[in-house]
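Below, each chain spelled out in residue letters.
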Amino acid sequence: MSFERLSASMTCSARNRLLIKFCSLCLFSAVGSAQQLQPSAGTLRPLDPRVMDLGADPCVDFAKFACGNFNKLYPIRADEMESSPGASSGAQIRAALKGILVNDASPGEHTPEERLLGDYYTACMDVDAVDAKGLTALRPLLLAIDAFSDKSQLPALLAEIQMVQGDSFFRVYAFADELHANQTIAVVDQAGFGLQTGENYMSKDAKAVALRQQYVAHIAALLALSGKNAQHSRAVAENIVSLEVQLVGKFPEPAIRRDPVARYHAFTLDELEHLTPALGWRKYFAGIGVKYPIKINVWSPAYIQRVEEVINTSNLETLRSFLRWRVLSSIPGVDLPVALDDEKFSFEGRIMLGMKQQAPRERRCLSSITSDIPGPVSSAVIHQMFSADEIRSVDQMVAQVEAALTHEIDGLSWMGPDTKLQAKRKVDAITNNIVRLDPWNGWSAVTVTQNDPLANYLKAAQLNAQRTFQRIGQPADKTELAMSPIYSGAYWTNSRLSMNVNAGSILPPSYDATSTIATNYGHLGAVIGHEITHGFDNSGAHYDYTGSLADWWSADDKRKFDEKASCFVQEYSNFAEGDLHVNGELTLGENIADNGGLRLAYLAMLEAVAKKRIALADRADGFTPEQQFFIAFGQEYCGATRPERERVLMLTDPHSLDQFRVNGSVQNMRQFGNAFSCKVGQPMMPAKTCQIW
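None of these values were measured; they are calculated from a predicted model. (Residues numbered from 1 in each chain as written. Predicted model: local features only at pLDDT ≥ 70, side-chain atom pairs only at ≥ 80, totals over all residues. Heavy atoms only, no water.)

### Re the confidence of the model for the protein chain
The predicted model of the protein chain averages 92 in pLDDT, with 94% of residues at 70 or higher. Confidence drops under a pLDDT of 50 for residues 1-40, and excluding neighbours within four residues, the segment shows 194 contacts in the predicted structure. (pLDDT = per-residue confidence, 0-100. Contact = heavy atoms within 4.5 Å.)

In structure tokens, the structure reads:
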């Protein structure tokens, strides 16, 4: 599932938000989450004094106080784009997965699912086989692109590309009808392109111009390595970037994409055919196995109209080259011949992410198999690593955080009784998925070999695409997961009213049964609170207790909500990193969730501590329970990101940078200031604070 689809249809509290296309560069990456290498200085404790800067004033810069020494102990490795506390849990999961795959690849009796995993891993690790096979498995699709000689053939060709999870001009997927959440419809969305931000495509700044030149060279190199003439590849690469510039010019602002009302544009098939006849939607949907979609939500009609304009005005050679490029760029480098793999890393890793070297192949293969065939991988890892008791203990934490939300709703002075009733009804309807496995068992349809990873990838991609498109027109499947449950982090889905906690989040340092209650609530409790609050942020507030878009607010209550939300917009817009300020509108939903989640976790922590008869004056590691709670919250967001990636995040990510997530949240809680004896007027205890939940 793409980053843009994930970030728009649900929200993630994972510390880092990576594009899925880079999963072959990293360990376990997903929207919203990435696990780094095991920390070189030893395993992190849930509350680790070593990473703190005790010389910093917590009332001035709490993020520095909680994490000031982290980057000295855990600098960003040459083959990483960032460092984070999630390394510890990621290393545990990776070690377990490697053991499982090595065993499954060994001679002897194995179940079909074990053999699938073993063969997939064996093929990925065989670099000689990768080079020997080359692009053989992809050749039929590349030949079809080369044979494209009439624009009337384009819809069927775009469908063929989509069926191997390749985006062309746009992407299509299945998702709940946001007006009627019990039904699944088709969604047409913009594609994601290689330069990632509008600034990189449009700016006349010298750095942006140089980046575009590097992008042209990268496209030309990939085309040439795939068998095209080098000189011709350079010429058409210029045209490809020009084409992408035209498309990106019609991208909606990122904040608009997070508005479920602004992105809902329902079309019948006939209406969509009339809007953009050159795209031949009937042929396209037939090609992806959807005979007649009843309703299609086009997130941006203006963008799709621009796609048609570009197709109508581009010559066939430019279109052929663009489609070849899109196919090549969509495939993980680990599944491609070494020369193409190296070229992809040179641009995607070194230039765009600032990474110094490629990650070891073993680690990339572990990431690849987790992404490509998540069901069998997750089942094997979770059954080996987690007990029912561990999951039940997290369930209890979730129940306590939800109870805190219900209590808070009752006490809100700005919300009327009718709206409160609807809000509590929505809380009661939440489904909690704690390390829940995907019940789908269709993986037996994938037959793979031990010597052709590219063919294996294409088969897995096609099965995933078939599974997705078969859901269009069917009742919504409330059991569907948006990502593998062995990733770190958590996410919320508005249409399903589901709060999902993945396996990496219930491992140290985010959760440790031997740690203090306060520390666990500061880490995982705040993550849980964050996700639940997403159901009531500026986006989630549009969905009622059924998961459908509906106006369940009184006019006066909604006005007051918007006024309180504007406080967060102004507050976070004052945060800056270098020459860029946080986009308070874009990050509003995440900032509301950070603040609400921290407050709910704090209230639940107080309740849990009281039940255990722990005095708030007691100390562990020199800190009271309240201080432990806030330090743990701060340490959930320790780490650093390379400047190249950080700038993209500032421009496109709905999350604020981590230091702003920490300081922005604690400065709005008087309980934090009191816990650290701050004075009103200090940076972390301002006179004016923002609060909704």
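Let's pick the thread back up.
### Let's talk about the pattern of salt bridges
In total, this model carries 33 salt bridges according to the counting rule given. Here Arg363 makes a salt bridge to Glu80, at a shortest N to O gap of 2.6 Å. Of this pair, Arg363 sits in helix α18 (residues 361-372) while Glu80 sits in the loop between α3 (70-73) and β4 (82-83), placing them 283 residues apart in sequence. Across the pair, exposure class does not vary: Arg363 and Glu80 are buried alike. Among the salt bridges present, the one from Arg263 reaches Glu178, with a minimum N-O distance of 3.2 Å. (Salt bridge = Lys/Arg side-chain N within 4 Å of Asp/Glu carboxyl O. Helix = DSSP H or I, 4+ residues; strand = E, 2+ residues; numbered from the N terminus. Buried < 20%, exposed > 50% of the residue type's maximum accessible area, 1.4 Å probe, protein only.)

### Section: the environment of Arg645
Examined against the element boundaries, Arg645 turns out to sit in helix α27 (residues 643-652). By relative accessible area, Arg645 is classed as buried at 4%. Spatially, the C-alpha atoms of Arg645 and Ile351 are 9.7 Å apart, while their sequence positions differ by 294 residues.

### Observations regarding the state of the cysteines
Any covalent bond linking the sulfur atoms of two cysteines counts as a disulfide. A complete count under the given rule lists four disulfides for this structure. A sulfur-sulfur separation of 2.0 Å characterises the disulfide bridge that pairs Cys67 with Cys638. Its S-S torsion of approximately -85 degrees makes the covalent link between Cys67 and Cys638 left-handed. On the criterion of sequence distance, the pair formed by Cys67 in helix α2 (residues 62-67) and Cys638 in the loop between α26 (625-635) and β14 (640-641) is long-range, its members being 571 residues apart. Grouping residues by exposure puts Cys67 and Cys638 together as buried. When the bonded cysteines of the protein chain are numbered from the N-terminus onward, they pair as 1-7, 2-6, 3-4, 5-8. (Disulfide = S-S within 2.5 Å.)

### Quick look at the packing of helix α7 (residues 139-146) against helix α8 (residues 154-162)
In the contact formed by α7 and α8, the axes pass within 11 Å of each other and the chain directions differ by 160 degrees. Between α7 and α8, the crossing angle belongs to the class labelled roughly antiparallel. Note on packing geometry: the crossing formed by α7 with α8 is left-handed. For the pair formed by α7 and α8, the contact residues are Leu141, Ala144 and Ile145 on the first element and Leu157, Glu160 and Ile161 on the second. In terms of residue class, the contact of α7 with α8 is built from five nonpolar, no polar and one charged. (Axes fitted to C-alpha atoms, helices over the stretch in contact; angles between N-to-C directions. Parallel < 35°, antiparallel > 145°, perpendicular 65-115°, else oblique. Left-handed = near helix turned anticlockwise from the far one by under 90°. Nonpolar A, V, L, I, M, F, W, Y, C, P; charged D, E, K, R; others polar.)

### Some words on unusual backbone geometry
Omega for the bond connecting Pro508 with Pro509 falls within 30 degrees of zero, at 5 degrees, which places this linkage in the cis form. With respect to the helices and strands, the residue Pro509 is situated in the loop between β11 (498-501) and α23 (517-534). Even without being glycine, Val435 reaches a positive phi, approximately 50 degrees. With respect to the helices and strands, Val435 occurs in the loop between β9 (431-434) and α22 (453-470).

### Description of the packing of helix α10 (residues 206-225) against helix α16 (residues 316-330)
Look at α10 against α16: their axes get within 10 Å of each other, and the N-to-C directions meet at 90 degrees. Between α10 and α16, the angle is such that the two are roughly perpendicular. Where α10 abuts α16, its residues Tyr215, His218, Ile219, Leu222 and Leu223 lie against Ser321, Arg324, Trp325 and Leu328. Tallied by class, the residues present in the contact of α10 with α16 amount to six nonpolar, two polar and one charged.

### Some remarks on the nonpolar core
Ranked by internal contacts, the top residues of the largest apolar core, which has 186 residues, are Phe62, Phe169, Phe170, Phe630 and Trp693. The element that contributes the greatest number of residues to this core is helix α25 (residues 588-611), accounting for 10 residues. Sequence-distant contacts of Trp693, that is, excluding residues within four places in its chain, are made with Glu408, Ile409, Leu412, Trp414, Met415, Thr533, Phe536, Trp553, Phe561, Ile592, Gly596 and Arg599. (Core = buried A, V, L, I, M, F, W, Y, C linked by side-chain atoms within 4.5 Å.)

### Some words on the pairing of strand β10 (residues 490-493)
Of the two faces of β10, the one lined by Ala490 and Trp492 and the one lined by Tyr491 and Thr493 are each fully buried. For β10 and β11, the ladder comprises four bridges, and the chain directions are antiparallel. Paired with Thr493 across the strands is Ser498, a residue of β11. Linking β10 to β11, which pair antiparallel, is a turn of four residues; within it Leu497 sits at a positive phi near 50 degrees. (Pairing = 2+ DSSP bridges.)

### Description of the sheet that holds strand β7 (residues 266-267)
Spatially, the four strands line up as an open sheet ordered β5-β6-β8-β7, and their pairing is mixed. In this open sheet, the two strands that pair with only one neighbour each are β5 (170-177) and β7. One ladder, built from eight bridges, connects β5 with strand β6 (residues 180-190); its direction is antiparallel. By the bridge assignment, Val172 is partnered in β6 with Val188. Helix-sheet contacts for helix α15 (residues 301-313) involve β5, β6, β7 and β8 (296-298), and the interaxial angle to β5 is about 150 degrees.

### Some words on the pairing of β6
Across the 11 residues that make up β6, a large majority, eight, are buried. Two successive antiparallel strands, β5 and β6, enclose a turn made up of two residues. Taken together, the three bridges between β6 and β8 define a ladder with parallel strand orientation. By the bridge assignment, Ala186 is partnered in β8 with Ile296.

### A short note on helix α21 (residues 417-428)
Its 12 residues give α21 an end-to-end C-alpha distance of 17 Å, which sits within 8% of 16 Å, the value for a rise of 1.5 Å per residue. Where α21 is buried, its residues touch α20 (388-411) and α24 (555-573). (Expected span 1.5 Å × (residues − 1).)

### With respect to the environment of Ser226
If you trace the backbone, Ser226 turns up in the loop between α10 and α11 (230-248). Counting along the chain gives 102 residues from Ser226 to Leu328, while the straight-line C-alpha distance between them is 8.3 Å. What Ser226 contacts, discounting residues up to four positions off in sequence, is Leu135, Arg324 and Leu328. At 2.7 Å, the side chain of Ser226 forms a polar contact with the side chain of Arg324. (Polar contact = N/O pair within 3.5 Å; in protein donor to acceptor, adjacent residues only side chain to side chain.)

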